[in-house]
Amino acid sequence: MMNKDDLRIVFLGTPEFAVNSLDTLVTNGFNIVGVVTMPDKPAGRGHKLLQSAVKQYAIEHDLHLMQPVSLKDEIFVNELRSLNADLFIVIAFRMLPMVVWQMPRLGTFNLHASLLPRYRGAAPINRAVMNGDTETGVTTFMLRHEIDTGDILGQERIEIGPDECVGSVHDRLMHIGARLTLQTVNDIIAGTLKPIPQDELLRGEEPTPAPKIFREDCRIDWTRPAREVHNHIRGLSPYPAAWTMMSISGGEPAMTKILETRIHPEYTSGQPGRVIVTGNEMIVECGDCAVTIERLQPAGKRPMCTGEYLRGQSSSNIVFE
């Protein structure tokens, strides 16, 4: 059995999702000898350089920080090697070259926000909610060259509520992911891991892809059944947000983000995209029945509830495209 104090770990990650796991390791006394994150990126109108959430945490806790532009850069690789790490942990980072992930003697494991082999790819949380799944989870697995294909070390499941948005699922997975990361490291120390090849779980079936989400993927297709429209919207809320083109009284259509809906099963659809305004309620016809818009963000405005939006709107002649 390995001694916890002798285990040297390098942590690789970028967004807030990764910070909880890093903090859990630090709080539990693990020796984080290095942190690797993305270079600062310009953001906003002033193009001010924005630090990643992982970088901010590393600075606050005086951890050795590296921000290579290229993960194959010889200076970076040599610096990484000089840390003599036993284990690398990757969470919400980018694809690693073989020279990096093969470096530590105990290997490199990744925390992925899905129940692998379901949802291999860049957007597993969004895709699970968009597809109407009733459960998801987190998986730790050993890294190898093909993305998200390595042997599974551990998994933890959660249920997805029928009206739950991806932001809520993300936050819950972030916390249980930190717990699973800690458990996986403890199992490595204890020598009790029993890796499971993903092919055994597939049983001849194809893995579920979770490709990166682009702008056009977020556009709402009102001809689809209301349940699919509802899932699509909550699977993109609050970010990057589903959108539609909205025109008022025959005016120029403008992009409007739809942030929250509920299904209106009693309503029979006649014209997908047609909007019925009654009081403070906005109903949109879909391919079968309809959805009620609860929250939206018109172009150039802040997010707001539908009632607030309608109180400031002089016309109820609204069409979604």
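All of these numbers come straight from a predicted model, not from anything done at the bench.

Engineer: I'd like a rundown of the sheet that holds strand β2 (residues 31–36), residues and numbers included.
Structural biologist: Across the sheet, which stays open at both edges, the seven strands sit in the order β5-β2-β1-β6-β7-β8-β9 with mixed pairing between neighbours. Two strands in the sheet have a free side with no partner beyond their single neighbour: β5 (65–66) and β9 (152–159). In terms of strand pairing, strand β6 (residues 87–91) meets strand β7 (residues 108–112) through four bridges, oriented parallel. Looking at β7, one finds that F88 is bridged to T108.

Engineer: Please give an account of the pairing of β6 that cites residues and values.
Structural biologist: Among the five residues that make up β6, five are buried, leaving the element largely enclosed by the rest of the structure. Burial of the side chains of β6 extends over both faces: L87, I89 and I91 are buried on one face and F88 and V90 on the other. Direction of pairing for strand β1 (residues 8–13) relative to β6: parallel, over a ladder of five bridges. Residue V10 lies in a different strand from β6, and its bridge partner there is F88.

Engineer: Can you break down the layout of surface pockets residue by residue, with the values?
Structural biologist: Put simply, the largest pocket is a space of about 1700 Å³. In this structure, the largest pocket is lined by 44 residues; those nearest its centre are P15, A92, F93, A122 and A123. Of all elements in the fold, only α1 (16–27), β6, β7, α5 (124–130) and α6 (166–190) reach the threshold of two or more residues within the lining of the largest pocket. Across the lining of the largest pocket, the residue classes break down as 26 nonpolar, 11 polar and seven charged. Volume-wise, the second largest pocket comes out at about 390 Å³. Taken together, 22 residues line the second largest pocket, and the ones lying closest to its centre are L115, L116, P117, R118 and R157. Looking at the lining of the second largest pocket, the elements that each hand over two or more residues are β8 (135–142), β9 and α7 (198–202). By residue number, the principal contributor to the lining of the second largest pocket is β9, which donates five residues. Looking at side-chain class alone, the lining of the second largest pocket contains 10 nonpolar, five polar and seven charged residues.

Engineer: Before we move on, can you summarise the nonpolar core with the specific residues and values?
Structural biologist: Grouped together as the largest cluster of nonpolar side chains are 41 residues, with contacts concentrated most on F11, I89, L173 and V185. With 10 residues, the top contributor of residues to this core is α6. Contact partners of F11, with chain neighbours within four places excluded, come to A18, S21, L22, L25, I32, G34, V35, V36, V54, I89 and I91.

What counts, and at which threshold
- Residues numbered from 1 in each chain as written.
- Predicted model: local features only at pLDDT ≥ 70, side-chain atom pairs only at ≥ 80, totals over all residues.
- Heavy atoms only, no water.
- Pairing = 2+ DSSP bridges.
- Helix = DSSP H or I, 4+ residues; strand = E, 2+ residues; numbered from the N terminus.
- Buried < 20%, exposed > 50% of the residue type's maximum accessible area, 1.4 Å probe, protein only.
- 1 Å grid on protein atoms, 1.4 Å probe; cavity = no way out; pocket = protein on both sides within 12 Å on 5 of 7 lines; lining within 4 Å.
- Points joined across faces, edges and corners; volume = space filled by probe spheres on them.
- Nonpolar A, V, L, I, M, F, W, Y, C, P; charged D, E, K, R; others polar.
- Core = buried A, V, L, I, M, F, W, Y, C linked by side-chain atoms within 4.5 Å.
- Contact = heavy atoms within 4.5 Å.

Worth remembering: the numbers are spatial, not functional.
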